[in-house]
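Listed below, chain by chain, are the residues.
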Amino acid sequence: MGSFSIWHWIIVLVVVLLIFGTKRLRGAGRDLGEAVKGFKKGMADEDDKPAGQLGDQTREGERKAERDSDSVER
């Protein structure tokens, strides 16, 4: 029960290609890549703003929600 040789991995790769097909695997790879890019972008967007500004935006959003609810009641 040692490690797998290169021939074992080649056989596994061929079996996976036969089962799923290249088109399906390509689509899965593309989806995974887009998800990783989106995650990285989301993490970078949050880091761009200082912590003080994040709190200000929350308060500003609360004020806007209050104004919106006041205008609906009138």
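Residues numbered from 1 in each chain as written. Predicted model: local features only at pLDDT ≥ 70, side-chain atom pairs only at ≥ 80, totals over all residues. Heavy atoms only, no water.

J.: What's the story with the overall build of the protein in this structure? I'm lost.
T.: Each helix and strand in the protein was counted, giving three helices and zero strands. In the protein, the succession of helices and strands from N to C terminus is α-α-α. Here the protein holds 74 residues, and the buried ones make up 1% of them. Counting only carbon and sulfur atoms, one obtains 61% of the accessible surface of the protein, whose full area is about 7,100 Å². (Helix = DSSP H or I, 4+ residues; strand = E, 2+ residues; numbered from the N terminus. Buried < 20%, exposed > 50% of the residue type's maximum accessible area, 1.4 Å probe, protein only. Areas by Shrake-Rupley, 256 points an atom, 1.4 Å probe, with all protein chains shown as cover.)

J.: Just to check I follow, could you spell out the confidence of the model for the protein for this structure?
T.: Detailed reading of predicted coordinates is not advised where the pLDDT is low. Residues of the protein with pLDDT of at least 70 account for 61%, and the chain-wide mean is 78. The least confident element of the protein, judged by mean pLDDT, is helix H3 (residues 51-73) at 60; the most confident is helix H1 (residues 6-20) at 92. (pLDDT = per-residue confidence, 0-100.)

J.: Even after reading the chapter, I still don't get the packing of aromatic side chains, so can you show me in this structure?
T.: Think of a pair of aromatic rings as described by two things: how far the centres are apart, and how the planes are tilted against each other in angle. For the coordinates displayed, the defined rule picks out one aromatic pair. Pairing Phe4 with Trp9 gives two aromatic rings, centres 5.5 Å apart and planes at 70 degrees, and the pair type is edge-to-face. On the accessibility criterion, Trp9 (49% relative accessible area) is partly exposed. (Phe/Tyr/Trp six-rings, centres within 6.5 Å; stacked < 30°, edge-to-face > 60°.)

J.: Explanation requested: a nonpolar patch on the surface in the structure shown.
T.: Taken together, the side chains of Ile11, Leu13, Val15, Leu17, Ile19, Phe20 and Leu25 define a hydrophobic patch exposed on the protein surface, amounting to about 630 Å² of accessible area. With six residues, the single largest contributor to the nonpolar patch is H1. Looking at the element boundaries, Leu25 is found in helix H2 (residues 22-47). (Patch = residues over 30% accessible without salt bridge, like charges linked within 9 Å, V, L, I, M, F, W, Y side chains within 5 Å. Salt bridge = Lys/Arg side-chain N within 4 Å of Asp/Glu carboxyl O.)

J.: Looking at this model, I keep getting lost on H1. Mind explaining?
T.: For an α-helix the count is 3.6 residues per turn, leaving residues at separations of three or four pointing the same way. Over its 15 residues, H1 extends 21 Å from the first C-alpha to the last, a length consistent with the 21 Å expected when each residue adds 1.5 Å. Looking one or two places after H1, you find Gly21, whose phi comes out positive at around 85 degrees. (Expected span 1.5 Å × (residues − 1).)

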